[in-house]
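Letter by letter, the chains look like this.
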Amino acid sequence: MRSKIVAGNWKMNKNLAETEALLTELSAKLPDTTAEVMVAPNFVNLVTAKQSLESSTIEVIAQNMHFAESGAYTGETSGDMLLDIGIDTVIIGHSERRAYFGETDEILEKKVKAALAKNMRVMFCFGEELTDRKSDNHFNVVGGQIKNALFSLDASAWSKIVLAYEPVWAIGTGETASAEQAQEMHAFIRKTITDGYDAAVANNVSILYGGSVKPANAAEIFSKPDVDGGLIGGAALVADDFAAIIKAI
Ligand code: 13P
């Protein structure tokens, strides 16, 4: 179901006490919204985050999961382990996982399928690097990332997919894609899905933008017709900023 979503990816930030403090502050400052609001704290703090948000509408999601059921995968976390603590949405394919942990389209396809097999919701991230954009190859790269990891799914599986377009050159750099660049790419993504499946599938999927979204630029980016929300990094670590971004949607 296509819905408005604002999600905070905390990455490897905030210890236990800081996690509790930020969630307490965020809960108090959460604006009235019909959008879905999500936060993805570090794994070791997920249980505490769930407890802190017990009576809140804010959803706790995970930053990653492994594709295997269980076994000898040191340092990894399975879908069942997430479900066991009440987490049923997971980010897969973040560019930092691709760049620093060798996650290929093939691995990501396996992860997506493993999560969907558990009836989990997947927030699938992708986006081009600066060299791709400079060489005018960004549509090819993004189209390829989507097709390679997701186009073996049945049409029905797409109801559990949220897409997050995060151009690598805009992540943590302070340089945002313009609202026009975001809209242009999001429209391309929707067309790619229409061509691979049909318009109903494409029009039902939420496509979030991520990359230096701040209170100052959120409203303009969110005003674009194919932008259904944002995946927020740095600004999600500051309650006032995240609240302002939620208000902007
Ligand atoms: P920034 O908002 O810090 O650029 O990070 C975006 C991001 O990577 C969210 O997943």
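Whatever comes next refers back to the structure up there.
Rules of the game
Residues numbered from 1 in each chain as written. Predicted model: local features only at pLDDT ≥ 70, side-chain atom pairs only at ≥ 80, totals over all residues. Heavy atoms only, no water. Near = heavy atom within 4 Å. Polar contact = N/O pair within 3.5 Å; in protein donor to acceptor, adjacent residues only side chain to side chain. Nonpolar A, V, L, I, M, F, W, Y, C, P; charged D, E, K, R; others polar. Phe/Tyr/Trp six-rings, centres within 6.5 Å; stacked < 30°, edge-to-face > 60°. Lys NZ or Arg CZ within 6 Å of the ring centre and 35° of its normal. Helix = DSSP H or I, 4+ residues; strand = E, 2+ residues; numbered from the N terminus. Expected span 1.5 Å × (residues − 1). Buried < 20%, exposed > 50% of the residue type's maximum accessible area, 1.4 Å probe, protein only. Contact = heavy atoms within 4.5 Å.

K.L.:
I'm lost on the site of the ligand in this one. Help?
P.N.:
Around the ligand, the neighbouring residues are Asn9, Lys11, His94, Glu166, Ala170, Ile171, Gly172, Gly211, Ser212, Leu231, Gly233 and Gly234. In the environment of the ligand, an oxygen atom lies 2.9 Å from a nitrogen or oxygen atom belonging to the side chain of Glu166. With respect to the ligand, the backbone of Gly234 contributes an N or O atom lying 2.8 Å from an oxygen atom. Taken together, the residues of the shell around the ligand break down into three nonpolar, seven polar and two charged.

K.L.:
Help me out: how do you make sense of the packing of aromatic side chains in this one?
P.N.:
One pair of aromatic rings is described through two measures. These are the centre distance and the angle between the planes. On inspection of all chains with the given rule, the structure shows seven aromatic pairs. Taken together, the aromatic side chains of Phe124, Phe126, Tyr165 and Tyr209 make up a single cluster linked through ring pairs. Arg97 extends its terminal NZ or CZ atom over the ring of Phe101, reaching a point 4.1 Å from the ring centre.

K.L.:
Where do I start with helix α5 (residues 105–117) in this structure?
P.N.:
Since there are 3.6 residues in each turn of an α-helix, residues three or four apart along the chain are aligned in direction. With 13 residues, α5 extends 18 Å from end C-alpha to end C-alpha; this agrees with the ideal 18 Å at 1.5 Å per step. For α5, the set of buried residues is Leu108, Glu109, Lys111, Val112, Ala114, Ala115 and Leu116. Check the buried side of α5 and you find it contacts β4 (89–92), α4 (95–101), β5 (121–126), α7 (138–150) and β6 (161–165).

K.L.:
Explanation requested: the environment of Met120 in the structure shown.
P.N.:
Looking at the secondary structure, you find Met120 in the loop between α5 and β5. Separated by 11 residues in the primary sequence, Met120 and Thr131 place their C-alpha atoms 34 Å from one another. When near neighbours in sequence (up to four residues on either side) are disregarded, Met120 contacts Met65, Gly79, Leu82, Leu83, Ile87, Asp88, Thr89, Val90, Ala115 and Lys160.

K.L.:
What should I look at first to understand the side chain of Asn45 in this one?
P.N.:
Its location among the elements puts Asn45 in the loop between β2 (36–40) and α2 (46–52). The class for Asn45 is buried, based on a relative accessible area of 5%. Within the structure, Asn45 has its side chain in polar contact with the backbone oxygen of Lys14 (distance 3.2 Å). When residues no more than four places from it in sequence are discounted, the contact partners of Asn45 are Lys14, Asn15, Leu16 and Thr19.

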